[in-house]
Amino acid sequence: ETGVTQTPRHLVMGMTNKKSLKCEQHLGHNAMYWYKQSAKKPLELMFVYNFKEQTENNSVPSRFSPECPNSSHLFLHLHTLQPEDSALYLCASSQDGAGGRTDTQYFGPGTRLTVL
Amino acid sequence: GQNIDQPTEMTATEGAIVQINCTYQTSGFNGLFWYQQHAGEAPTFLSYNVLDGLEEKGRFSSFLSRSKGYSYLLLKELQMKDSASYLCAVHGSSNTGKLIFGQGTTLQVKP
């Protein structure tokens, strides 16, 4: 149990659907992250939020829309996705996003997304 | 550019020792992390190095040489449950927590 939960764990959606991924952390952290993990590729950072403010958008297509209503919750809203967006989407949290040992990122189990 | 290299796959025998290497080229450096990820599960934190040298934690040790842009993760007394992917990641900047990941090394431990 890492203290970071994600729902749903699995999601199958069509290209015209709209869905949302949810992440919740119970660690008292102030930074949250979305990553995409595809087979045989490094984890790709998508978005970073520090104290509810977005501080990083790693050139992510607009069909992915993040939302961070408070420091404990992070959402990823999905619409008109493409089959190549099928991947494992991981959420992580850390102390304050400032780096260093005390800013170790802790990951949730991920949502396995399949786009048909 | 920013680049982290590690071998794609390794195989080792139960009870043996295995060393997983990681080389990095980043514009900045504020620490290197190793994570373990079992299939279908979350990456879990294993170790952190920011100064040169060896950090030991039970059966796992991690080494860093900043001048060479090199780290390794050493796993001793391998167990079947150590079969997993091992991810090397670098804080590439001194003032952000942004991590740059390698593609991961899939370790298979055989009886």
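Our subject is the structure that appears above.
Residues numbered from 1 in each chain as written. Chains lettered and ligands numbered in written order. Predicted model: local features only at pLDDT ≥ 70, side-chain atom pairs only at ≥ 80, totals over all residues. Heavy atoms only, no water.

### Comments concerning the sheet that holds strand S3 (residues 18–25) of chain B
Residues and elements named next belong to chain B. Read across the open sheet, the five strands follow the order S1-S3-S8-S7-S6; overall the sheet is antiparallel. Every interior strand has two partners, whereas the edge strands, strand S1 (3–5) and strand S6 (53–57), have only one. Pairs of neighbouring strands in the sheet enclose a mean axial angle of 15 degrees, with direction left out of account. Where strand S7 (residues 60–65) lies against strand S8 (residues 70–75), six bridges are found, and the strand directions are antiparallel. By the bridge assignment, Ser65 is partnered in S8 with Tyr70. (Pairing = 2+ DSSP bridges. Helix = DSSP H or I, 4+ residues; strand = E, 2+ residues; numbered from the N terminus. Axes fitted to C-alpha atoms, helices over the stretch in contact; angles between N-to-C directions.)

### Considerations on the pairing of strand S2 (residues 10–13) of chain A
Residue and element names in this part refer to chain A. The side-chain alternation of S2 yields one buried face, formed by Leu11 and Met13, and one unburied face, formed by His10 and Val12. As paired strands, S2 and strand S11 (residues 111–115) are joined by four bridges and run parallel to one another. Paired with Leu11 across the two strands is Leu113, which belongs to S11. (Buried < 20%, exposed > 50% of the residue type's maximum accessible area, 1.4 Å probe, protein only.)

### Looking at the state of the cysteines
In a disulfide, the sulfur atoms of two cysteines are held together by a covalent bond. If you walk through the whole model with that rule in mind, you get two disulfides over all chains. Covalent S-S linkage joins Cys23 of chain A and Cys91 of chain A, the inter-sulfur distance amounting to 1.9 Å. Every disulfide takes its handedness from the sign of the S-S torsion; for Cys23 of chain A and Cys91 of chain A that torsion is -70 degrees, giving left-handed. In this pair, Cys23 of chain A is assigned in strand S3 (residues 18–25) and Cys91 of chain A in strand S9 (residues 87–94), connecting sequence segments 68 residues apart. Judged by relative accessible area, which is 0%, Cys91 of chain A ranks as buried. The disulfide that involves Cys22 of chain B links it to Cys88 of chain B, with 2.0 Å between the sulfurs. (Disulfide = S-S within 2.5 Å.)

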